[in-house]
Amino acid sequence: MDEQLVIQTVDEGVATLQLNRPEARNALSDELRVALMGAVEACDANPDVGCIVIAGGDDYFAAGADIKALRDRDLVATLDSGRGRNLWQAVASCQTPIVAAVSGYALGGGFELALACDMIVASETAEFGTPEITLGIIPGGGGTQRLARVIGKQRAMEMVLTGKRINATEALAFGLVNQVVGKRDDWRAAAVELARVVARRAPVAVRMAKQAVLAAEETPLSAGLAHERRLFEIAMATEDRVEGMNAFIEKRRPQFKGR
Ligand code: CAA
């Protein structure tokens, strides 16, 4: 992983991946995408990590795909770049929950990165948008699909067709973000705190719960309920659920082991 582009810290079960390309407003160059993908996959494989936070800077989460690189990409190169797993797929398929910590601009591919995460904590300065239409293209990292599912077709259509941005207050009202942090300095800490709560839970159950909720987007209700039931049964077979229930009855904190 390139330490310059993604700065990683792990503390109390939470891995924070800080995007670090300030000169380009964290535009997602090939190098940054590869570095972030590698970091996410490494965190997912690390048993000491119970939740991941992907954060940008105070004034920008990420300004989208790198327009300077995109400008010179022809059709063949674009088709080639669609082969294999891309960043947004890697983030969406990570079994460990991911919280996006967004302050300032989350635009284009940067917004799609936040949408591929499981929860979003925003500062009051956050702005979300899909400006691709102003460049003569459309979102290519899952934006049209995930945005419509989260905020509804009409609102997504307006954003995608006009390139209009929404602010943190609107994003909260639309159900796009989990919380808006009033004091500008605290947004990252709030995201880490949310992640810490998840990281304290039983790791196997957390992964199953994430899988079950995500299945709601993909499956009809009857299949989703059957899927949930299987995952519940597997959770019932874990040592951690015995510990969790004993701890409740014995009025003490559970000591989960991820088994
Ligand atoms: N790609 C490449 N470089 C970018 C960039 C991007 N997406 N966004 C900003 N930069 C660069 C600028 O070119 C500038 O570089 P120079 O110093 O070399 O001129 C530097 O970052 C600072 O940018 P600004 O002066 O514009 O900074 P600002 O603070 O005034 O504005 C901003 C910030 C609102 C994010 C503005 O930079 C902006 O609108 N950026 C483009 C956003 C955009 O259109 N994103 C969609 C990209 S396409 C996409 O994402 C496709 C996809 O889904 C896969």
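We now turn to the structure provided with this report. This one's a predicted model, so the numbers in the text were calculated from it and none came from an experiment. (Residues numbered from 1 in each chain as written. Predicted model: local features only at pLDDT ≥ 70, side-chain atom pairs only at ≥ 80, totals over all residues. Heavy atoms only, no water.)

## A word on the overall build of the protein chain
(1) Moving on: Secondary structure summary: the protein chain contains 12 helices and 10 strands in total.
(2) Moving on: For 259 residues, the compact-globule estimate of 2.2 N^0.38 gives 18 Å, and the protein chain sits close to it at 19 Å.
(3) Moving on: Residues classed as buried in the protein chain amount to 41% of the 259 residues present.
(4) Moving on: Contacts in the protein chain between residues at least 24 apart in sequence constitute 68% of all its contacts with a sequence separation of at least 6.
(5) Moving on: For the protein chain, the computed accessible surface area is about 13800 Å², with 55% contributed by carbon and sulfur atoms.
(6) Moving on: Here the protein chain carries 30 positive and 34 negative side-chain charges, and the mean point of each set is 5 Å from the other. (Helix = DSSP H or I, 4+ residues; strand = E, 2+ residues; numbered from the N terminus. Rg over C-alpha atoms; globule rule 2.2 N^0.38 Å. Buried < 20%, exposed > 50% of the residue type's maximum accessible area, 1.4 Å probe, protein only. Contact = heavy atoms within 4.5 Å. Areas by Shrake-Rupley, 256 points an atom, 1.4 Å probe, with all protein chains shown as cover. Lys, Arg positive; Asp, Glu negative; His and termini not counted. Charge placed at Lys NZ, Arg CZ, Asp CG, Glu CD.)

## Side note on the site of the ligand
(1) Moving on: Taken together, 20 residues are adjacent to the ligand, and A63, A65, G109, E112 and E132 come closest.
(2) Moving on: Taking I67, its main chain carries an N or O atom lying 2.9 Å from a nitrogen atom of the ligand.
(3) Moving on: Going through the elements one at a time, α2 (67-71), β6 (105-107) and α5 (109-116) are the ones with two or more residues in the shell around the ligand.
(4) Moving on: Class assignment for the residues of the shell around the ligand results in nine nonpolar, four polar and seven charged. (Near = heavy atom within 4 Å. Polar contact = N/O pair within 3.5 Å; in protein donor to acceptor, adjacent residues only side chain to side chain. Nonpolar A, V, L, I, M, F, W, Y, C, P; charged D, E, K, R; others polar.)

## Structural notes on the environment of L19
(1) Moving on: Here L19 shows up in strand β2 (residues 14-19).
(2) Moving on: Accessibility expressed as a relative area gives 3% for L19, which makes it buried.
(3) Moving on: Separated by 37 residues in the primary sequence, L19 and G56 place their C-alpha atoms 5.1 Å from one another.

## A few points about the pairing of strand β3 (residues 51-55)
(1) Moving on: Taken across its five residues, β3 has five buried, putting it largely inside the fold.
(2) Moving on: Side chains C51, V53 and A55 of β3 all project onto a buried face; the interleaved residues I52 and I54 project onto the opposite face, where all are buried too.
(3) Moving on: Each parallel crossover has a hand, and for β2 linked through helix α1 (residues 30-44) to β3 it is right-handed. (Right-handed = clockwise from strand over helix to strand, strands pointing away.)

## What about the nonpolar core?
(1) Moving on: Residues I54, F128 and L176 are the most contacted members of the largest nonpolar core, which totals 47 residues.
(2) Moving on: In terms of residues, this core owes the most to one element, α1, which gives seven residues.
(3) Moving on: Ranked by size, the runner-up nonpolar core spans 16 residues in total, among them C51, W187, A191 and V192. (Core = buried A, V, L, I, M, F, W, Y, C linked by side-chain atoms within 4.5 Å.)

## As for the pattern of salt bridges
(1) Moving on: All told, the structure shown has 18 salt bridges when counted by the stated rule.
(2) Moving on: Across the pair E233 and R229 runs a salt bridge whose closest N-O atoms are separated by 3.3 Å. Of this pair, E233 and R229 both sit in helix α11 (residues 221-236), four residues apart, roughly one helical turn.
(3) Moving on: Its relative accessible area of 35% is what places E233 among the partly exposed residues.
(4) Moving on: Classification of R229 by relative accessible area gives partly exposed; the value is 44%.
(5) Moving on: When salt bridges that share partners are traced, they join D11, E12 and R196 into one network. (Salt bridge = Lys/Arg side-chain N within 4 Å of Asp/Glu carboxyl O.)

## Observations regarding the side chain of S29
(1) Moving on: Tracing the backbone shows S29 in the loop between β2 and α1.
(2) Moving on: Classification of S29 by relative accessible area gives buried; the value is 7%.
(3) Moving on: Once residues lying within four places of it in the same chain are set aside, the contact partners of S29 are R21 and D66.

## A few points about the sheet that holds strand β10 (residues 179-181)
(1) Moving on: An order of β1-β2-β3-β5-β7-β10 is seen for the six strands of this open sheet, with the pairing classed as mixed. Of all strands in the sheet, those with a lone pairing partner are β1 (6-11) and β10, marking the two edges. Direction aside, the axes of adjacent strands within the sheet are offset by 20° on average.
(2) Moving on: Strand direction decides the pairing type here: β1 and β2, joined by six bridges, are antiparallel. By the bridge assignment, V6 is partnered in β2 with L19.
(3) Moving on: Strand contacts of α1: β1, β2, β3 and β5 (98-102), with the helix running at about 180° to β2, the strand carrying the most contacts. (Pairing = 2+ DSSP bridges. Axes fitted to C-alpha atoms, helices over the stretch in contact; angles between N-to-C directions.)

## Some points on a nonpolar patch on the surface
(1) Moving on: A contiguous nonpolar surface patch, about 320 Å² in accessible area, is contributed by I67, L70, L135 and I137.
(2) Moving on: Its location among the elements puts L70 in helix α2.
(3) Moving on: You can call L70 partly exposed: its relative accessible area is 30%. (Patch = residues over 30% accessible without salt bridge, like charges linked within 9 Å, V, L, I, M, F, W, Y side chains within 5 Å.)

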